[in-house]
Amino acid sequence: MNAIAPTDTLTHVPRFTLGPEITPEQRAFLDRWGFLIFAGVASPAEIEALAAALDEVQARWIAEGRRWVYGIPLTVGKDSDGGPFVQRFAFTSMFSDTVRRFVRDPRFEPVRRLVGEDARIGDDEKDGVVVNRYLNNPGSEYPRLGWHTDGLRDLFYLRMPQQMLNVGLHFDEITADNGGLRLIPGSHNQGFFDMCFRKLYFLQHAPDPAEIAVETMPGDLTVHDGRLWHRVAASTRIGPTSLRRSMYVPYLSGPYEPKSDTSSTPFYHHIGRGLRWLRRAAGR
Ligand SMILES: O=C(O)CCC(=O)C(=O)O
Ligand SMILES: [Fe+2]
């Protein structure tokens, strides 16, 4: 794999291989730039099985008329045929054994230990195992996601967020023109002020000169530091070929804080709902 560039700009994005251990080189890259891409961690058959499991969960949730899952609002848009389409699933491993088994596969053990020796999968904590399905078509509720860091909750309490690693599995082939994850390499090492004000949380979407596009193949796994500034760009395509699916597995340490259908909604979800409402009100 490529050595880390001695300059301040990242000139080449390496695709690493996930082995039984995170290598010193992978660790150094993550420390320096705040993210890693592991190529082909899941097989096409596994991605297909996960996608089918999510369709089943969707069918069940829609039949039940669910609007919330454990206090988290469900984002439901329309698919390309006008049918209901869940665009952000939360707590999926509580509703699908396929997902629950998959995220426990031993191949992910080095990633779990990278987060923390005592890290566990938070099936029923935070937002659980989340699956995003971005789609760019007229009925879509979720074609993109504005600039943010995932440390908002800590900033809200005026404390500097600690390293938190987001582990995402990517279902689709995503080239830069098809939207996808954009991040500013190295921005996880910024100070408190930049983390608060470098961009307007969730409202700004414009490309940043320093951003890179995370291009993925089906089955790739990414790890990114939640303190990085990142966004999800909309696809330039319209309809089914714009679909991008990402599954995030929460590895947590600290006290066990389970949620259930009687849990209240965390404040940061009200922000997202408010923004979507504003967008609809503005007719965009
Ligand atoms: O879909 C992605 O890859 C990123 C999603 C994200 O940044 C988030 O949900 O906080
Ligand atoms: Fe994020």
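### So, the overall build of the chain
Then comes step 1: When its secondary structure is counted, the chain shows seven helices and 15 strands.
Then comes step 2: Relative to its 284 residues, the chain shows a buried fraction of 38%.
Then comes step 3: Counted over contacts in the chain with a minimum sequence separation of 6, partners at least 24 positions apart contribute 83%.

### Focus on the sheet that holds strand E7 (residues 130–134)
Then comes step 1: The strand order E1-E12-E9-E14-E7-E5-E4 describes an open sheet built from seven strands, whose pairing is antiparallel. The two strands at the open ends of the sheet, each matched to only one other strand, are strand E1 (35–38) and strand E4 (75–78). Sheet twist, expressed as the mean angle between neighbouring strand axes with direction ignored, is 25 degrees.
Then comes step 2: Here E1 runs beside strand E12 (residues 221–225); their pairing, made up of four bridges, is antiparallel. Counterpart to phenylalanine 35 in the pairing with E12 is histidine 224.
Then comes step 3: Running over the sheet, helix H2 (residues 44–64) touches strand E5 (84–89), E7 and strand E14 (244–249) and is turned about 110 degrees from E5.

### Overview of the site of ligand 1
Then comes step 1: Residues in close proximity to ligand 1 include Asn132, Leu145, Asp150, Gly168, Leu181, His230, Val232 and Ser246, which together make up its full environment.
Then comes step 2: Residue composition of the shell around ligand 1, by class: three nonpolar, four polar and one charged.

### Side note on the pairing of strand E10 (residues 180–183)
Then comes step 1: Here E10 runs beside strand E13 (residues 230–233); their pairing, made up of four bridges, is antiparallel. Paired with glycine 180 across the strands is alanine 233, a residue of E13.
Then comes step 2: Here two bridges tie E10 to strand E11 (residues 212–213), and the two strands are oriented antiparallel to one another. Counterpart to leucine 183 in the pairing with E11 is isoleucine 212.

### Some points on helix H1 (residues 24–33)
Then comes step 1: Turning to H1, its buried residues are Gln26, Phe29, Leu30 and Trp33. The buried residues of H1 occupy an angular sector of 100 degrees when the element is viewed end-on, so they sit on one face. Every exposed residue of H1 that faces more than 90 degrees away from the buried side is listed here: Pro24 and Ala28.
Then comes step 2: Residues of H1 that are buried in the fold lie against E1 and E12.

### Structural notes on H2
Every α-helical turn comprises 3.6 residues, leaving residues that sit three or four positions apart pointing alike.
Then comes step 1: In this model H2 runs 30 Å from its N-terminal to its C-terminal C-alpha over 21 residues, within 8% of the 30 Å that 1.5 Å per residue would give.
Then comes step 2: Within the sequence span of H2, burial applies to Leu50, Ala53, Leu54, Val57 and Gln58. Summarising the axial view, the buried residues of H2 lie within an arc of 145 degrees, below the 170-degree limit, and thus occupy one face. For H2, the exposed residues set more than 90 degrees away from the buried face come down to Pro44, Ala45, Ala52, Asp55, Glu56, Ala59 and Ala63.
Then comes step 3: Those residues of H2 that are buried lie in contact with E5, helix H3 (97–103), E7 and E14.

### Notes on unusual backbone geometry
Then comes step 1: Positive phi outside glycine occurs at lysine 126, with the angle close to 50 degrees.
Then comes step 2: On the secondary structure map, lysine 126 appears in the loop between strand E6 (120–121) and E7.
Then comes step 3: Phi angles above zero are rare outside glycine, and phenylalanine 202 is one such case at about 70 degrees.
Then comes step 4: With respect to the helices and strands, phenylalanine 202 occurs in the loop between helix H6 (192–197) and E11.

Parameters and conventions
- Residues numbered from 1 in each chain as written.
- Chains lettered and ligands numbered in written order.
- Predicted model: local features only at pLDDT ≥ 70, side-chain atom pairs only at ≥ 80, totals over all residues.
- Helix = DSSP H or I, 4+ residues; strand = E, 2+ residues; numbered from the N terminus.
- Buried ≥ 20, exposed ≤ 12 C-beta atoms within 10 Å, placed from the backbone.
- Contact = placed C-beta atoms within 7 Å.
- Pairing = 2+ DSSP bridges.
- Axes fitted to C-alpha atoms, helices over the stretch in contact; angles between N-to-C directions.
- Near = placed C-beta within 6 Å.
- Nonpolar A, V, L, I, M, F, W, Y, C, P; charged D, E, K, R; others polar.
- Arc of directions from axis to C-beta.
- Expected span 1.5 Å × (residues − 1).

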